[in-house]
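# Notes for the structure review
What follows is the residue order along each chain.
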Amino acid sequence: MREVSQPATEAIRLVEVLRALADPVRLDLVLRLDRMGEDFCNAIGAEIDVHQTTLSHHYRVLREAGVTWTKVQGRSRLVRLRREDLDALFPGLLDSVLSAGRRARDTATTSTVQAP
């Protein structure tokens, strides 16, 4: 099995985590990962209207920042959130970001629905 570069827990830096989570596409991926748990990259990003190479870039940024953990299985990649690592290093951060992301998504959804 081929390995991919990802930081050790002690090498994860807050500024890199925040930078990775600041992008709307990456935040959407993290929200989906939180809901789905570990899954293949193509399954997580299936409903996002972004080109595959762009998705690969976003997965790499999340992995290199220490937000996700990627395991290579043949030609596929399994991805999961590094919740335990992030909670140990930055207690409450991931829950706060996910909660705010859900609220923002829900607000955007309800504001696009028009009354009859």
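Up top you'll find the structure we're talking about.
This section reports on the structure supplied with the text. Please read these numbers as outputs of a predicted model, since none were measured by experiment.

### With respect to the packing of helix 2 (residues 24–36) against helix 4 (residues 52–65)
Relative to each other, helix 2 and helix 4 sit at 75°, their axes nearing to 10 Å. Here helix 2 lies roughly perpendicular to helix 4, going by the angle between them. Contacts between helix 2 and helix 4 involve Val25, Arg26, Leu29 and Val30 on the former and, on the latter, Leu55, His57, His58, Tyr59, Val61 and Leu62. Residues belonging to the contact of helix 2 with helix 4 are distributed by class as follows: seven nonpolar, two polar and one charged.

### A look at the side chain of glutamine 6
Inspection of the secondary structure puts glutamine 6 in the segment before helix 1 (14–21). On the basis of relative accessibility, which here comes to 16%, the residue glutamine 6 falls in the buried class. Apart from residues lying up to four places away in sequence, glutamine 6 is in contact with Arg63, Thr68, Trp69, Thr70 and Arg82.

About the thresholds
Residues numbered from 1 in each chain as written. Predicted model: local features only at pLDDT ≥ 70, side-chain atom pairs only at ≥ 80, totals over all residues. Heavy atoms only, no water. Axes fitted to C-alpha atoms, helices over the stretch in contact; angles between N-to-C directions. Helix = DSSP H or I, 4+ residues; strand = E, 2+ residues; numbered from the N terminus. Parallel < 35°, antiparallel > 145°, perpendicular 65-115°, else oblique. Contact = heavy atoms within 4.5 Å. Nonpolar A, V, L, I, M, F, W, Y, C, P; charged D, E, K, R; others polar. Buried < 20%, exposed > 50% of the residue type's maximum accessible area, 1.4 Å probe, protein only.

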